[in-house]
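Each chain, written out:
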Amino acid sequence: MNFPALIEAKRDGQSHTRDEIREIVQAYTTGDIPDYQMSAWLMAVYFQSLQPEETRALTLAMRDSGTVLEWPDDPRPLVDKHSTGGVGDKVSLVLAPILAALGFRVPMISGRGLGITGGTLDKLASIPGFKTQLEPDQIISQVQDIGLAIVGQTSTMVPADKRIYALRDVTGTVPSIPLITASILSKKLSEGIGTLVMDVKFGAAAFMKTPGEARELAQSIVELAQNCGLKTTAFLTDMDTPLGMAVGNWLEVKEAVRCLDCYGPDDLQTLTVDIAATLLVETNSRLTIAAARQRVLESLTSGKPRATFNEMVKAQGGDLAALEAQLGTNSTAPVIMDLETPDEGFITRTDAQIIGEVVRDLGGGRMTQEDEIDHAVGLDEIAKPGEPFGVGSVLARVHARDKTSAQHALDRLKQAFEFQDEPFESTPLIHDRIC
Ligand code: URA
């Protein structure tokens with residue numbers, strides 16, 4: 001393969017054949033194409049985009065770079081959900097145990113953080129001992145056994161996405177509709193599932209800034225997924241404001257566990273329940289969405305999903321006693337500082353982009369592929385649009401490694417909030433559904 005010629009062709013807006021795309025994916029996965037050339041090709045794709053046929057070829061080549069899971073006969077439907085990435089988005093941690101408790105099988109392949117958006121794998125890695133790299137036969141046996149596994153790409157499961165995802169993260173090539181479509185669907189198709197819900201985010205901290213762009217991405221994913229035999233519904237959800245009240249790897253696990261314990265927060269619980277209910281309806285056409293929501297809420301309050309979460313932690317090597325001890329502490333970071341209001345009024349904006357950047361700069365995200373994440377740092381008690389506050393109310397709590405970084409975070413965080421004197425009604429979280 002003459003890869004420089006293919007880079008030039010894409011730079012000049014020409015299309016690749018299916019075989020050319022397969023060769024590019026294979027060669028990059030085996031290390032025969034260096035990062036600098038792949039970065040140039042990704043940037044060419046970012047600017048010139050891909051035709052639907054090229055996106056399909058890229059998706060299938062990435063799926064086939066590793067094992068595609070094959071499942072034993074079992075009445076329990078195989079389902080999953082994936083998000084295009086947001087700040088404070090810990091839905092997967094709450095949803096997967098709920099789905100397993102409802103009788104689904106959930107072989108969830110997730111990613112690390114991308115840009116300022118958090119990654120489910122980085123969050124789970126804040127649980128002492130938790131392993132996110134399982135071999136295909138381990139994933140199958142764990143899912144058959146307890147109903148779920150949350151794992152990452154490996155050298156045997158979608159290795160092409162593992163490498164390309166990490167490279168895109170640090171080369172400014174994430175917000176591309178064909179690259180996001182291929183990255184997500186290569187993972188989901190390799191799971192061998194039958195039904196998927198996509199959470200496509202738009203807003204300040206999302207890769208798609210407007211509902212229109214998010215709709216385009218959702219349509220790209222839904223059409224290709226259906227074309228590959230994967231029944232898919234997409235939610236379009238707001239990402240101007242962080243989801244939940246905590247951002248940062250450990251703090252998000254803690255909030256997810258509280259949600260499994262039925263303590264909310266409302267936005268996280270509502271979105272999770274709606275996605276679970278949608279999967280119930282998609283796999284059982286006799287159920288109404290209202291009845292499905294009711295069933296999900298009953299399951300949540302029964303405590304079974306929380307017990308299933310613990311089973312998953314144990315099955316994946318996590319130390320349950322250490323997890324419980326961490327849950328009982330106020331923070332795993334050495335320094336905590338509050339951002340307080342000088343005034344009184346109503347919050348009109350809690351900027352997810354600034355909050356994502358603050359958490360990344362505290363050490364909770366990456367700037368280069370090799371950066372180590374600090375799982376302890378982040379923000380919690382984040383106040384949300386529409387909330388009233390008085391003098392001295394807490395707008396957010398900073399968890400930091402040291403006083404200097406905490407002070408920097410506080411200074412920057414002041415720009416994340418806007419206020420007014422009159423009551424303010426926040427915009428709905430779920431904007432639309434596409435199927
Ligand atoms: N999530 C993924 O898995 N891939 C992307 O490219 C973006 C979000």
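Preceding this paragraph is the structure being described.
About the criteria used
- Residues numbered from 1 in each chain as written.
- Predicted model: local features only at pLDDT ≥ 70, side-chain atom pairs only at ≥ 80, totals over all residues.
- Heavy atoms only, no water.
- Helix = DSSP H or I, 4+ residues; strand = E, 2+ residues; numbered from the N terminus.
- Buried < 20%, exposed > 50% of the residue type's maximum accessible area, 1.4 Å probe, protein only.
- Contact = heavy atoms within 4.5 Å.
- Axes fitted to C-alpha atoms, helices over the stretch in contact; angles between N-to-C directions.
- Parallel < 35°, antiparallel > 145°, perpendicular 65-115°, else oblique.
- Core = buried A, V, L, I, M, F, W, Y, C linked by side-chain atoms within 4.5 Å.
- Salt bridge = Lys/Arg side-chain N within 4 Å of Asp/Glu carboxyl O.

Trainee: Help me understand the environment of Leu-224 in this model?
Mentor: Structurally, the position occupied by Leu-224 is in helix H10 (residues 211-227). For Leu-224, a relative accessible area of 9% puts it in the buried group. For the pair Leu-224 and Glu-53, spaced 171 residues apart in the sequence, the C-alpha separation amounts to 9.5 Å. When near neighbours in sequence (up to four residues on either side) are disregarded, Leu-224 contacts Thr-55, Arg-56, Thr-59, Thr-181 and Leu-185.

Trainee: Honestly, the packing of helix H5 (residues 91-101) against helix H14 (residues 304-315) in this entry has me stumped. Any pointers?
Mentor: Relative placement of two packed helices is described by the angle separating their axes and the distance separating the axes. Between H5 and H14, the least distance of the axes is 8 Å, while the angle of their chain directions is 105°. What the angle tells us is that H5 and H14 run roughly perpendicular. In this structure, H5 uses Leu-93, Pro-97, Ile-98, Ala-100 and Ala-101 to contact H14, whose residues at the interface are Lys-304, Pro-305, Thr-308 and Phe-309.

Trainee: Teacher, can you tell me more about the nonpolar core here?
Mentor: Inside soluble globular proteins, nonpolar side chains tend to come together where they are buried. Formed by 77 residues in total, the largest nonpolar core has its most connected members in Phe-309, Leu-379, Val-398, Leu-413 and Phe-417. Residues contacting Phe-309, with those up to four places away along its chain left out, are Leu-93, Pro-97, Ile-127, Val-253, Val-257, Leu-260 and Leu-323. Ranked by size, the runner-up nonpolar core spans 39 residues in total, among them Trp-71, Leu-114, Ile-177 and Ile-434.

Trainee: Explain the pattern of salt bridges to me, please; I cannot follow it from the model alone.
Mentor: Oppositely charged side chains are able to pair whenever their charged atoms sit close together. Going through the model one piece at a time under the given rule, you end up with 28 salt bridges. Arg-22 is paired through a salt bridge with Asp-64; the nearest N and O atoms lie 3.1 Å apart. Here Arg-22 is found in helix H2 (residues 18-29), whereas its partner Asp-64 is found in the loop between helix H4 (52-63) and strand E1 (79-83), with 42 residues between them in sequence. Relative accessible area serves as the criterion here: at 32%, Asp-64 is assigned to the partly exposed category. We note a salt bridge from Glu-324 to Arg-306, for which the minimum N-O separation is 3.5 Å. Of this pair, Glu-324 sits in helix H15 (residues 320-327) while Arg-306 sits in helix H14; the two residues are 18 residues apart in sequence, bridging distant segments of the chain. A residue is classified by how much of its surface remains accessible, and Arg-306, at 14% relative accessible area, is buried.

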